[in-house]
Each structure stands twice: as structure tokens, then as C-alpha cells.
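What follows is each chain in one-letter form.
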Amino acid sequence: MTDTTEQPAAVFVHPSADVEEGARVGDGTKVWHLAHIRSSARVGAGCVIGRNVYVDAGVTVGDLVKIQNNVSVYQGVTIEDEVFVGPCAVFTNDLRPRAQNPDWTITPTLVRRGASIGANATLVCGVEIGEYAMVAAGSVVTRDVAPYQLVAGNPARPKGWVDERGEVVSRDVTSPRRPG
């Protein structure tokens with residue numbers, strides 16, 4: 001008799017990576033060289049966590065997320081399913097950073113399902129990146145990005161609309177693309 005029960009895919013953690021006790025990493029996720037996942041972080045199933053990625057305590061990363069090399073995902077950041085984060089992208093979590101401030105508070109950032117963050121983009125905390133939105137490489141995001149919106153520049157400004165595959169469907173910056 002053949003066993004047709006689907007077995008969960010094993011988690012791969014490179015020997016140089018550090019996944020702290022209490023961190024949860026989903027089935028089939030790969031954690032590469034020098035990555036660090038803190039306790040109480042949750043990384044979903046089928047993710048790829050690239051070289052030198054830092055996932056802070058309390059962070060939630062959804063399923064099927066790809067975080068490229070040299071990205072730090074700090075406390076207060078939530079990344080939903082199927083998000084792409086390009087190499088060296090930067091998330092912040094403090095609107096008024098000071099070396100000595102005992103009263104600082106985390107300002108949350110939310111990246112919705114299917115969004116893409118380009119290489120070297122910076123997301124200033126407190127923004128929401130909409131479903132399937134696309135942030136161009138090198139952009140500095142200081143305001144919310146609408147679902148399916150394409151933004152670029154410093155500061156990031158609307159440049160058009162994309163579909164779920166990331167193809168530009170409109171260069172109209174004033175009216176939102178209606179999915180479907």
C-alpha cells in the first residue's frame with residue numbers, strides 16, 4: 001500500500017543562521033547564511049529568508065514571502081503572504097529616533113498580500129503598502145501606497161498601476177486601477 005498523505009516540507013536553516021528559541025518558522029521555509037530570526041517572530045510556510053536578513057522579535061511574515069539579502073525587518077513590521085522584499089530594502093519603526101529615548105514607541109508598518117518592495121527602497125514607519133502594490137527600487141516611501149499602485153522616487157510618488165503579475169496596466173496616476 002502506498003502512503004498518499006502529504007508530508008510537510010522540512011525547514012532548512014543554514015548552519016551559520018540563528019533561529020532563536022521561541023521563533024516559529026513554517027514548513028518548507030529556507031533560512032540562508034547569517035540570517036537571524038528572533039524569539040517570538042513568526043515566519044510562514046514556503047518562505048525564502050536570504051543571506052544576512054534580520055527578523056526582529058514580534059515580527060510576522062506570512063506564507064510564500066521572499067526576503068532578499070541584507071534586509072532588516074524590525075519590530076512593528078507585518079508582512080502578509082506572497083510579498084517580495086528586494087535586497088537591501090529598509091524598514092524603520094521609530095518616527096523620532098534618538099540614541100537615548102526611554103519613551104520611544106514603535107510605529108507599525110503593514111505590507112499587504114502580494115506587494116513588491118524594490119531593492120534599496122526605504123519604508124518610513126507608519127505606512128501601509130496595499131495588496132499587489134509595487135514600490136520601485138531606491139524609492140523612499142513616506143505615505144501609504146494604494147492596492148495595485150506603482151510608486152517610485154524620493155519621496156515615492158504615484159507612477160501608475162500594476163496587475164497581480166506586476167505588469168504595468170496604466171500610467172494614469174490620478175485614478176485607481178480597478179482589479180478584475
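Residues numbered from 1 in each chain as written. Predicted model: local features only at pLDDT ≥ 70, side-chain atom pairs only at ≥ 80, totals over all residues. Heavy atoms only, no water.

## Description of the packing of aromatic side chains
Note the following rule: Stacked, edge-to-face and tilted are the three classes for Phe, Tyr and Trp ring pairs, Trp counted by its six-membered ring, which pair at centre distances within 6.5 Å; planes under 30 degrees apart are stacked, over 60 edge-to-face, the rest tilted. The way it works is that DSSP assigns letters per residue, a run of H or I at least four long becomes a helix, a run of E at least two long becomes a strand, and they are numbered from the N terminus. Summary of the burial criterion: residues with accessible area below 20% of their type's maximum are buried, those above 50% are exposed, and those between are partly exposed, where the area comes from a 1.4 Å probe applied to protein chains only.
Tallied over the full model, the rule gives three aromatic pairs. Ring centres of Phe12 and Trp32 lie 4.8 Å apart, and the angle between their planes is 50°; on these two criteria the pair is classed as tilted. Of this pair, Phe12 sits in strand β1 (residues 12-13) while Trp32 sits in the loop between β4 (30-31) and β5 (36-37), placing them 20 residues apart in sequence. An angle of 25° between the planes, with centres 5.6 Å apart, marks the rings of Tyr132 and Tyr148 as stacked. A residue pair is termed long-range when its members are at least 10 positions apart, and Tyr132 in the loop between β18 (128-129) and β19 (134-135) and Tyr148 in the loop between β20 (140-141) and β21 (149-152) qualify at 16 residues. Residue classification places Tyr132 among the buried positions, given a relative accessible area of 12%.

## Observations regarding the nonpolar core
Basically, it comes down to this: By nonpolar core is meant a set of buried Ala, Val, Leu, Ile, Met, Phe, Trp, Tyr and Cys residues that side-chain atoms within 4.5 Å join together. Contacts are assigned to residue pairs with any non-hydrogen atoms lying within 4.5 Å of each other.
Of all hydrophobic cores here, the largest spans 36 residues; its most connected members are Ile67, Ile79 and Ile129. In this view, Ile79 contacts Thr60, Val61, Gly62, Val65, Ile67, Val73, Val85, Phe91 and Val111; residues no more than four positions away in its chain are not counted.

## Quick look at the pairing of strand β22 (residues 157-162)
Rule in force here: Whether two strands pair comes down to DSSP finding at least two bridges between them.
Bridge analysis of β21 against β22 gives four bridges, and the strand direction is antiparallel. Residue pairing for β22: Ala152 is matched across the bridge by Arg157. Two successive antiparallel strands, β21 and β22, enclose a turn made up of four residues, where Gly153 displays a positive phi of approximately 105°. Where β22 and strand β23 (residues 168-170) come together, two bridges link them in antiparallel fashion. Paired with Trp161 across the two strands is Ser170, which belongs to β23. Hairpin remark: β22 followed by β23, antiparallel, with five residues in the connecting loop; positive phi at Gly166, about 90°.

## Some details on the sheet that holds β4
Read across the sheet, 10 strands follow the order β1-β4-β7-β10-β13-β16-β19-β21-β22-β23 without closing on themselves; strand pairing throughout is mixed. Taken across any chain shown, the strands that pair with only one partner, and hence form the sheet edges, are β1 and β23. With two bridges connecting them, strand β10 (residues 66-67) and strand β13 (residues 84-85) associate as parallel partners. Each bridged residue has a counterpart across the sheet, and for Lys66 the counterpart in β13 is Phe84.

Note that all results are geometric; they support no functional claim without further evidence.
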